[in-house]
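# Chain and residue survey
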Amino acid sequence: MTSAGPVTMLIPDFPFGYDEWVRHPAGLGHLPRQAHGTPVAVVGAGMSGLVTAYELLRLGLRPVVYEAGDLGGRMRSVPFPEHPACVAELGAMRFPPAARTLFHYIDTLELPTRPFPNPLARSTPNTVIDLGGVVHRARTPEELPGIYQEVADAWDKTLQDRAELSTMVDAIRRRDIPLVKGIWNRLVAELDDQSFSGFLAESSAFGTFRHREIFGQVGFGTGGWDTDFPNSILEILRVVYTHADEDHLSIVGGAQQVPDGLWRASPPDMAHWPAGTSLASLHDGAPHPGVVRMDRAGDLIHLADTAGFTRAFPAVVFTPHVWTLLGNVDCDPELLSADQWTAVERTHYMSASKLFVLADRPFWRDIDPRDGRELMGMTLTDRFPRGVYLFDSGPDQPGVMCLSYTWNDDSAKLRTLDDDQRLTVLLRQLATIYPDVDIAGHLISRPITITWECEPHFMGAFKANLPGHYRYQRRLFTQFMQDRCPPAQRGFFLCGDDISWTAGFAEGAVTTALNAVWGVLNHLGGRTDPDNPGPGDLFHDFAPVDLAP
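Conventions we followed
- Residues numbered from 1 in each chain as written.
- Predicted model: local features only at pLDDT ≥ 70, side-chain atom pairs only at ≥ 80, totals over all residues.
- Heavy atoms only, no water.
- Phe/Tyr/Trp six-rings, centres within 6.5 Å; stacked < 30°, edge-to-face > 60°.
- Helix = DSSP H or I, 4+ residues; strand = E, 2+ residues; numbered from the N terminus.
- Buried < 20%, exposed > 50% of the residue type's maximum accessible area, 1.4 Å probe, protein only.
- Lys NZ or Arg CZ within 6 Å of the ring centre and 35° of its normal.
- Disulfide = S-S within 2.5 Å.
- Pairing = 2+ DSSP bridges.
- Salt bridge = Lys/Arg side-chain N within 4 Å of Asp/Glu carboxyl O.
- 1 Å grid on protein atoms, 1.4 Å probe; cavity = no way out; pocket = protein on both sides within 12 Å on 5 of 7 lines; lining within 4 Å.
- Points joined across faces, edges and corners; volume = space filled by probe spheres on them.
- Nonpolar A, V, L, I, M, F, W, Y, C, P; charged D, E, K, R; others polar.

### Section: the packing of aromatic side chains
- All told, the structure shown has 33 aromatic pairs when counted by the stated rule.
- Ring geometry for Phe-14 versus Phe-539: centroids 5.7 Å apart, planes at 35°, classification tilted. Placement of Phe-14 in the segment before helix H1 (18–23) and of Phe-539 in helix H17 (residues 539–542) is noted, with a sequence separation of 525 residues between them.
- For Phe-539, a relative accessible area of 7% gives the class buried.
- Judged by centre distance (6.1 Å) and plane angle (90°), the ring pair of Phe-196 and Phe-215 falls under edge-to-face. Separated by 19 residues along the polypeptide, Phe-196 in helix H7 (residues 196–201) and Phe-215 in helix H8 (residues 209–217) bring together distant segments of the chain.
- Seen from the ring of Tyr-405, Lys-354 lies directly overhead, with NZ or CZ sitting 4.5 Å from the centre.

Printed below as a string of structure tokens:
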């Protein structure tokens, strides 16, 4: 047990301190000299793939990165042609400080951050809530009608009574692993089959449907929770326990700078490679094209890409959504066990859409003389847009508006509309909330949109386990532990945020990448420093509880 520190994304299923491991001066480990320069394939150049490749480079290996689309994956920042300094964050756009492993890389790249304008956050000047045609404006929760405070109190009481919130948060803060595991292992057994909505409905604190409805539409922290209602309550508790939904930051200039920076950066403490070597320099500036086939042949795994080239590797790290193994990639079935293939098939993905436009200036900050309030604010609504976010770069600069951020069924409502149709519908809906504001008159760009379930290399925004899916998730997360696997299943490693316990958060992409790095190190005969054991060295101390079949 240690003294109390900040709350971090120390995930109770496997509370290994990745942030401490990656920051330790001893480094992540060492390889035999004869292994230096060994090529290792990394499929996918998103956040997980580039962390993997960056750390393999530091160890003295030769990462060979494949990417079917654009560098960055769902860390995708698209510049507006009219003003390239302004970007639309189509994927990840807000990051909790509790994600300390992710922030190790953000800090390494010296990227500046600023508070993200979540609803009712301290840095958000104005929040507008529109439910059932009634509009409320507030800067703090206390300015909202009493029923909203009742809902907030009900959520807190439910968490305290049924999930030991305060005790668990304190245990995570102190990194009291026995207490974290003691509470969590019991809750997993009790709640694995429980949905989020069922968890609320069984709480005496949420006495009425109206209270649950308001919570679903508005929620607290990042906004409404109703699109998560069908998911396992365990998914939600991990987020709440680790403060992953609080005090978010954005990256100035765009989140894609993180994977882009790892691609270009030359680590200062590499084994084997000369100073100045980077992933970009090893690849002549661009990754290899997408992988279409993976086959086992003895101790090597052969990868064929879309350009027709086939290469053989002693180890392969696969980072895209696991569903791509079912159709996009012709994958040798021997690379995973039958149970792991079942877990791949059962993986459930959330869908999501966004629409961004560029305004001539942050006109929403103008003061309405009738009530002394700003014309618009961060908006939560039960109408079509659902979430509206406003990004101000200064009074004389263009302003970025995310006019809609939707999930699941709300995303599906937009899926069949083209960009201009989406914008027309959203402006019509927003006119009912802001009847005196001429939003269209300030727009200076065409919309930039995304619907992640329609993206061919993603097929969804991120994984979200349904009730009863814990066993499947455990099979995928623990796949990096291969000492007891048959030879045909060794050397192929899954990672990415859908392998993690916190899908939808870049921290999960990073930490599972580090699992894969440890797996490759171990597979190729390397070892960690005794003063800095890795996740595989301590696996049996922290292992996720294994529920009965």
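### Quick notes on the state of the cysteines
- This structure, assessed with the given rule, holds 0 disulfides.
- Not engaged in a disulfide, the cysteine Cys-331 finds its nearest cysteine sulfur in Cys-495; these two sulfurs lie 14 Å apart.
- The exposure class of Cys-331 is buried, given its relative accessible area of 10%.
- Cysteine Cys-485 shares no disulfide, and the gap to the nearest cysteine sulfur, in Cys-331, comes to 14 Å.
- The exposure class of Cys-485 is buried, given its relative accessible area of 15%.

### Observations regarding the sheet that holds strand E9 (residues 291–297)
- The 4 strands are arranged E11-E10-E9-E13 in an open sheet whose pairing can be described as mixed. Of all strands in the sheet, those bounded by a partner on one side alone are strand E11 (310–313) and strand E13 (330–331).
- Alignment of strand E10 (residues 300–305) against E11, held across 4 bridges, turns out to be antiparallel. When the sheet's bridge partners are listed, Ala-304 is paired in E11 with Thr-310.

### So, the pattern of salt bridges
- According to the stated counting rule, one finds 33 salt bridges in the structure shown.
- Here Asp-497 ties to Arg-74 by a salt bridge, and the two come within 2.6 Å at their closest N and O atoms. One end of the pair, Asp-497, is in the loop between strand E23 (492–494) and helix H16 (506–523); the other, Arg-74, is in the loop between strand E2 (62–66) and strand E3 (77–80), with 423 residues separating them in the sequence.
- Since its relative accessible area comes to 5%, Asp-497 is described here as buried.
- Note that Asp-305 is salt-bridged to Arg-311, the shortest N-O span being 3.1 Å.
- Take Asp-305: its relative accessible area is 4%, and that puts it in the buried class.
- On the basis of relative accessible area, Arg-311 is assigned to the partly exposed category, the value being 27%.
- Salt bridges linked by common partners bring Asp-13, Glu-235, Arg-238 and Lys-463 together as one network.

### Focus on empty space enclosed by the protein
- In total, this model carries 3 cavities of 30 Å³ or more according to the counting rule given.
- In this structure, the largest cavity spans a volume of roughly 150 Å³.
- Lining the largest cavity are 19 residues, with Met-9, Ile-11, Phe-16, Tyr-18 and Thr-511 sitting closest to its centre.
- Those elements that provide at least two residues to the lining of the largest cavity are H1, helix H3 (100–108) and H16.
- The biggest single contributor to the lining of the largest cavity is H16, with 3 residues.
- Considered class by class, the residues forming the lining of the largest cavity number 9 nonpolar, 7 polar and 3 charged.
- A volume near 40 Å³ is recorded for the second largest cavity.
- Residue lining of the second largest cavity: Asp-192, Ser-232, Leu-234, Glu-235, Arg-238, Asn-465, Leu-466, His-469, Tyr-470, Gln-473 and Trp-501, and that is the complete set.
- Looking at the lining of the second largest cavity, the elements with two or more residues in it are helix H9 (233–241) and helix H15 (470–477).
- If you tally residues by element for the lining of the second largest cavity, the top one is H9, at 3 residues.
- When grouped by side-chain class, the residues that make up the lining of the second largest cavity number 4 nonpolar, 4 polar and 3 charged.

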